Amino acid sequence: MQNNSKGVTLDHISKIYKDPKTGKDFYAVNDVCLTIEPGSFVTLLGPSGCGKTTTLRMIAGFESPDVGEIYLGDEAINELTPNKRDTAMVFQSYALFPHYNVFDNVAYGLRLRKVPKDEIDRRVRSILSLVEMEGMESRMTNQLSGGQQQRVALARALVVEPGVLLFDEPLSNLDAKLRVSMRTEIRRIQQTLGITAIYVTHDQSEAMAISDQIIIMKKGVIAQMGSPMEIYYHPSDEFIADFIGEANFLKGTVKRMDGSECVVDVLGHECTVETDTARNAGQECEIVLRPEAIRIAQQGLLPCTVELSCFMGSYQNYHVRVGDTLVKISDSCPINKPIFAVGEQAYISFEKECAHLL
Amino acid sequence: MVKAQSARLDRKKLFGDPIMLSTIIVLLIFLALFILYPLAVLLVESVSRDGHFSLEIFRQVLDLGRFRTAFSNTLLLGFITGVGSTILGLLFAYVDCYVNIHTKAVKKLFDVVSMLPVVSPPFVLSLSMILLFGRSGLITRSLLGIYDNNIYGLHGIAIVQILTFFPVCYMMLKGLLKNIDPSLEEASRDMGASRWKVFTTVTLPLMLPGIGNAFLVTFIESVADFANPMMIGGSFDTLATTIYLQVTGAYDKAGASAMAVVLLSLTLILFLIQKYYLEKRTYATLTGKASRARMLINDKSVRLPLSILCAAFSIFVVLMYISIPFGALFKLWGRDYSLSFKHFEYMFKYSGLKAFRDSFVLSLIASPITALLSMIISYLVVKKNFKSKGFIEFVSMLAMAVPGTVLGVGYIRGFANGIFGSGVMQGLYGTGAILVIVFIVRSLPVGTRSGISALRQIDKSIEESAYDLGANSGKVFTSITLPLIKDSFLSGLVTTFVRSITAISAIILLVTPQFLLITCQINEFAEKGKYGVACAYATILIAIVYASILLMNFVIKHFGTSKALKESQKD
């Protein structure tokens, strides 16, 4: 399959809706600027009502932006109807045509494009083998499992070789296990074809597993944009730190900068955190700590009291109190470590590279 | 404000979709011209004299004693019919949903009764009422020996209307009862309520808006009914018949317009209450689906009287229908009960064949157009977003509230001298085309309603994905939407055919001698007292209607999509 991948640019896009209750206008999407490179996998992530689906539907053409222009490659597409846009969407409900069999579902887009019959045949079969659905051509869609239906929906979108592939929470109707294997599958196919993909989800682990870039949206605006690792370890604010994975926040005061290291006073103890933004002494700050980045031991940096100790199999889950703050700890491989019981005194500590300063 | 851009873009997209745009424009013109315009003409004519605003015509009409009686008659009749049909419908629905009926035959009887109003031409029951209880009625005269029973008048119409309309209530209320979660009633029973107490404190209050809804629907039907009062009303005139007589007898078309405006306002008010007040409350009280099957009442003291009562009613209704073909076959009803084909022969000798051909052909032309039109309207209403959508939805539903007689007068006033009396489209009046248009307008709301409910069940993203894959709206509609609502389309096709071939109220005002219609023939022969011939027409009419419904069920069963769809929805 030739590579027809296109980039997508959103230039100051806003979408205004009327609140049905109050009758007031509000911004569902507010001044979003975004450039998506051809061939990359970008995820729009956020809680429900953050504007991610609206953004996706504006790219597909089902909604029209109130401000701004959308480009597909170099072409401004605001005025194009969905059927004239070089995008293909995979829907949450799969949206397979129930009166067609698998083959006819996949061939639908090609037939609209008046592709010769033998080429349709060849392309449908090759795409069905890519999604591992060969031999199921004559099945009706109601004879397929949820996962199989999603594969057909994916094949149907892929076969027209769109410039951009759009996914609207495609896995949310599947059970947890299938979700994990399907997302690996989607990523594999996307990389095989080198196609641009924009993916909407509210599931942060899905976003982490699948994306080159994650765009976190909150109340219609982009809260942070970056690779999964950047977002996980360097969240730009508390909302993101909390939304992506679990996070602990330790309040403190900046004492001094030591090159790229910042020394922070937490409850009278000195903690060192690596940072790339210089801080002034005396400034209030927060240290973001992931539960798995914290060690608990007899000795360490900060004293704490254990309030919950719970064996979870692959890790020991602790809730400890540091001053007034509750800190969650995931201590992996608990089998060869001392286990602290509820009520015991202990110390926590962390590596300066694993902490992030807000 | 900034919102202008999306509005502009949506408009641009609409213009970039010529099929959709032209469909909307054609629809708007059709609805405006054939529903709104004739009604507007009536309104304007009844409040103007020599080009000035004047209530003179209304004053004259209101001064007519005839009109005032007709008005109160109509309300009285509507009320009696509404109450009667609702109670009877509720009884049937309750027995159907709550009582364990052991005999299959009784269940079957219920099905027949619920289907009859669809099959039956509107005045068939009047005809059989006369045959059974009239002056030479089989029951009154031959069995009971009463020679002077007067069936004509309020009681006659009321009985006939109740029997004609109660199945509608039955079906409506049955749907509601099925949606009541049995555990509500079980909870009440569990806390010590008797079965009667459960019914009055739980079931009935939950049903109340639905019952009100059923009452209003039959009230409207009764008020709009033309054929039954015409046939069995005797001197008891309703608004619909008075308007008819005002046009055909008194040649007072302006007066008829004013009366039509009164009748229209009446049904419109009832319709608006029903649609925007009661229907919403009905859904508000009954939202949940029944979580599991209801424990049916096995208690003999409840079961026997209720099921016997319902069975008796059903048998009575069936009997009335059966008397129609016999009415056609007996030599002289009431005197000579020997079988003969003389009524059929008479019918075919005097242009019977032409009547069947005309009715058949005109209805056959109207039905595909209506079915397609109503599917397109429901598609636009459910799946699309555009400015005039609300208008299209409102007008096509409005047609439901317009009594046929009003529409007929509106068409006379609106089209007899061309549009706005200008002579434009004057050629339309008196042709078969205007009859076909009336058929379409009369059936459009029913088709649209069934189309809308069928389309609401289809996930919006199925069409969006076709759109997204490159299909334009026309292609989406023909390749995806239409096949998915094939059943609804087919039933729209048949419903229109049935409604058209059995229609009378609007048609009787518009038909010209050039066309003979079965329903008008029946009316004419019944008026002349030639009941045998009227029955012969009615028998064949019922046969045609029944055959087309059988055909529809066969086609849906074997070629419909519903089976595959229903299975896929189970997942």
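These numbers come from a predicted model, not from an experiment.

Cut-off values and rules
- Residues numbered from 1 in each chain as written.
- Chains lettered and ligands numbered in written order.
- Predicted model: local features only at pLDDT ≥ 70, side-chain atom pairs only at ≥ 80, totals over all residues.
- Heavy atoms only, no water.
- Helix = DSSP H or I, 4+ residues; strand = E, 2+ residues; numbered from the N terminus.
- Buried < 20%, exposed > 50% of the residue type's maximum accessible area, 1.4 Å probe, protein only.
- Contact = heavy atoms within 4.5 Å.
- Rg over C-alpha atoms; globule rule 2.2 N^0.38 Å.
- Areas by Shrake-Rupley, 256 points an atom, 1.4 Å probe, with all protein chains shown as cover.
- Domains from an automatic or database assignment.
- Buried area = accessible area lost by both parts, 1.4 Å probe.
- Salt bridge = Lys/Arg side-chain N within 4 Å of Asp/Glu carboxyl O.
- Polar contact = N/O pair within 3.5 Å; in protein donor to acceptor, adjacent residues only side chain to side chain.
- Pairing = 2+ DSSP bridges.
- Axes fitted to C-alpha atoms, helices over the stretch in contact; angles between N-to-C directions.
- Core = buried A, V, L, I, M, F, W, Y, C linked by side-chain atoms within 4.5 Å.
- Expected span 1.5 Å × (residues − 1).
- Bend = angle between axes of the 7 residues up to and from the residue.
- Phe/Tyr/Trp six-rings, centres within 6.5 Å; stacked < 30°, edge-to-face > 60°.
- Parallel < 35°, antiparallel > 145°, perpendicular 65-115°, else oblique.
- Left-handed = near helix turned anticlockwise from the far one by under 90°.
- Nonpolar A, V, L, I, M, F, W, Y, C, P; charged D, E, K, R; others polar.
- Disulfide = S-S within 2.5 Å.
- pLDDT = per-residue confidence, 0-100.

1. Quick look at the overall build of chain A
For step 1, the next point in the chain: Of regular secondary structure, chain A possesses eight helices and 20 strands.
For step 2, the next point in the chain: Across its three principal axes, chain A shows a C-alpha extent of roughly 75 × 45 × 45 Å.
For step 3, the next point in the chain: Scored against the burial criterion, the 358 residues of chain A give a buried share of 52%.
For step 4, the next point in the chain: Relative to all contacts within chain A whose residues are 6 or more apart in sequence, the contacts with residues 24 or more apart total 65%.

2. A look at the overall build of chain B
For step 1, the next point in the chain: The number of helices and strands found in chain B is 26 helices and four strands.
For step 2, the next point in the chain: Its C-alpha radius of gyration of 25 Å places chain B within 12% of the 25 Å reference for a compact globule of 571 residues.
For step 3, the next point in the chain: Taking contacts inside chain B between residues at least 6 apart in sequence as the whole, the part at least 24 apart equals 79%.
For step 4, the next point in the chain: Accessible surface computed for chain B: about 24,700 Å², of which carbon and sulfur atoms make up 66%.

3. Here's the deal with the domain arrangement of chain A
All names here are of chain A.
For step 1, the next point in the chain: Along its sequence, chain A is organised into domain 1 (8-241) and domain 2 (247-357).
For step 2, the next point in the chain: For domain 1 versus domain 2, the distance between C-alpha centres works out to 39 Å.
For step 3, the next point in the chain: The partner domain 2 presents seven residues to the seven residues of domain 1 that form the contact.
For step 4, the next point in the chain: Buried area between domain 1 and domain 2, both sides added, is near 730 Å², and the carbon and sulfur share of it is 47%.
For step 5, the next point in the chain: For domain 1, the biggest contributors to the area lost against domain 2 are Tyr232, Glu238 and Ala241; these three give 62% of the whole.
For step 6, the next point in the chain: Taken together, the connections running from domain 1 to domain 2 amount to zero salt bridges.
For step 7, the next point in the chain: At the junction of domain 1 and domain 2, the tally comes to five residue pairs in polar contact (both at pLDDT 80 or more).
For step 8, the next point in the chain: At the level of elements, α7 (228-233) and α8 (238-243) are the ones that each hand at least two residues to the side of domain 1 that touches domain 2.

4. Side note on the pairing of strand β16 (residues 302-311) of chain A
Residue and element names in this part refer to chain A.
For step 1, the next point in the chain: Both β16 and strand β19 (residues 345-350) contribute to a ladder of four bridges, which runs antiparallel. Each bridged residue has a counterpart across the sheet, and for Thr305 the counterpart in β19 is Gln345.
For step 2, the next point in the chain: Taken together, the six bridges between β16 and strand β17 (residues 315-322) define a ladder with antiparallel strand orientation. The residue of β17 that forms the bridge with Val306 is Val320.
For step 3, the next point in the chain: Hairpin connection between β16 and β17: a loop of three residues separates the two successive antiparallel strands, and Gly313 in this loop has a positive phi of roughly 95 degrees.

5. Structural notes on the sheet that holds strand β14 (residues 284-289) of chain A
Residues and elements named next belong to chain A.
For step 1, the next point in the chain: If you trace the five strands from one edge of the open sheet to the other, you get β13-β12-β11-β14-β20, paired in antiparallel fashion. A strand with exactly one partner marks an edge of an open sheet, and here the two such strands are β13 (269-274) and β20 (356-357).
For step 2, the next point in the chain: Pairing between strand β12 (residues 261-266) and β13: six bridges, direction antiparallel. Within the sheet, the bridge partner assigned to Val266 lies in β13 and is His269.

6. Looking at the interface of chain A and chain B
For step 1, the next point in the chain: Facing the 42 residues of chain A at the interface are 35 residues of chain B.
For step 2, the next point in the chain: Note on chain A versus chain B: buried area summed over both sides is about 3,100 Å², and carbon and sulfur give 56% of it.
For step 3, the next point in the chain: Considering only the side of chain A, the residues that lose the most area to chain B are A:Glu79, A:Asn83 and A:Asn142, jointly responsible for 18% of the buried surface there.
For step 4, the next point in the chain: For the interface between chain A and chain B, the tally reads one salt bridge.

7. A word on the environment of A:Ala60
For step 1, the next point in the chain: Along the chain, A:Ala60 falls in helix α1 (residues 52-60).
For step 2, the next point in the chain: Ignoring anything within four residues of it in the chain, the contact list for A:Ala60 reads A:Pro82, A:Arg85, A:Thr87, A:Met89, A:Leu166 and B:Asp468.

8. Describing the sheet that holds strand β7 (residues 164-168) of chain A
Strand pairing in a sheet takes place through backbone hydrogen bonds and is either antiparallel or parallel in direction.
Residue and element names in this part refer to chain A.
For step 1, the next point in the chain: Taken together, the six strands give an open sheet; going across it, the order is β6-β7-β8-β3-β9-β10, and neighbouring strands pair in mixed fashion. Strand pairing shows two members of the sheet lacking a second neighbour, β6 (87-90) and β10 (221-226), which therefore form its edges. Geometrically, the sheet is characterised by an average inter-axis angle of 20 degrees between neighbouring strands, direction not taken into account.
For step 2, the next point in the chain: Here four bridges tie β6 to β7, and the two strands are oriented parallel to one another. Within β7, the residue paired with Met89 across the bridge is Leu166.
For step 3, the next point in the chain: Across the sheet, helix α5 (residues 176-193) lies against β3 (41-45), β7 and β8 (196-201), angled at about 140 degrees from β3, the strand it touches most.

9. Digging into the nonpolar core
For step 1, the next point in the chain: Among the nonpolar cores identified, the biggest contains 264 residues, and B:Tyr411 and B:Ile522 are the most heavily contacted of them.
For step 2, the next point in the chain: Formed by 26 residues, the second largest nonpolar core is a distinct cluster that contains A:Leu289, A:Leu302, A:Cys304 and A:Val327.

10. Brief notes about helix α8 (residues 154-179) of chain B
For step 1, the next point in the chain: Helix length check: α8(B), at 26 residues, gives a terminal C-alpha distance of 36 Å against a target of 38 Å (1.5 Å per residue), a fit within 8%.
For step 2, the next point in the chain: By the largest-angle criterion, B:Phe165 marks the main kink of α8(B), which is about 35 degrees, and a proline, B:Pro167, follows within four residues.

11. What to know about the packing of aromatic side chains
Given two aromatic rings, their pairing is described by the distance between the two centres and the angle made by the two planes.
For step 1, the next point in the chain: Inspection of every chain in the model, using the stated rule, returns 34 aromatic pairs over all chains.
For step 2, the next point in the chain: Measuring from ring centre to ring centre gives 6.3 Å for A:Phe62 and B:Tyr467, while their planes differ by 40 degrees; the resulting arrangement is tilted. Highlighted residues: A:Phe62 in the loop between α1 and β4 (67-72) and B:Tyr467 in helix α20 (residues 460-468), drawn from two different chains. With respect to class, A:Phe62 is no different from B:Tyr467; both count as buried.
For step 3, the next point in the chain: Pairing A:Phe239 with A:Phe243 gives two aromatic rings, centres 5.7 Å apart and planes at 15 degrees, and the pair type is stacked.

12. So, the packing of helix α6 (residues 124-133) of chain B against α8(B)
Residues and elements named next belong to chain B.
For step 1, the next point in the chain: Viewed as axis vectors pointing N to C, α6 and α8 meet at an angle of 130 degrees, and their least axial separation amounts to 9 Å. The orientation of α6 with respect to α8, classified from their angle, is oblique. Crossing geometry of α6 relative to α8 is assigned as right-handed. Of α8, the residues touching α6 (which contributes Leu125, Ser126 and Met129) are Ile159, Val160, Leu163 and Thr164.
For step 2, the next point in the chain: Grouping the constituent residues of the contact of α6 with α8 by class yields five nonpolar, two polar and no charged.

13. Structural notes on the state of the cysteines
For step 1, the next point in the chain: Tallying each qualifying case throughout the model produces zero disulfides over all chains.
For step 2, the next point in the chain: Between B:Cys169, a cysteine without a disulfide, and B:Cys310, which holds the nearest cysteine sulfur, the sulfur-to-sulfur distance is 14 Å.

14. A few points about the confidence of the model for chain B
All names here are of chain B.
For step 1, the next point in the chain: Predicted confidence across chain B gives a mean pLDDT of 82, with 93% of residues reaching 70 or more.
For step 2, the next point in the chain: By mean pLDDT, helix α26 (residues 562-570) is the weakest element of chain B at 47, and helix α4 (residues 65-98) is the strongest at 90.
For step 3, the next point in the chain: Under a pLDDT of 50 for its full length, residues 566-571 has, in the predicted model, six contacts with residues more than four places off or in other chains.
For step 4, the next point in the chain: Quick note on the complex model: pTM equals 0.77, ipTM equals 0.76.

15. Observations regarding helix α19 (residues 432-456) of chain B
Quick reminder: α-helices carry 3.6 residues per turn. Residues three or four places apart thus point the same way.
Residues and elements named next belong to chain B.
For step 1, the next point in the chain: In a regular helix each residue adds 1.5 Å, so 25 residues correspond to 36 Å; α19 covers 35 Å between its end C-alpha atoms and thus fits that length.
For step 2, the next point in the chain: Considering bend angle alone, the principal kink of α19 is centred on Ser443 and spans about 40 degrees; proline Pro445 follows within four residues of it.
For step 3, the next point in the chain: Buried residues dominate α19, accounting for 18 of its 25 residues.

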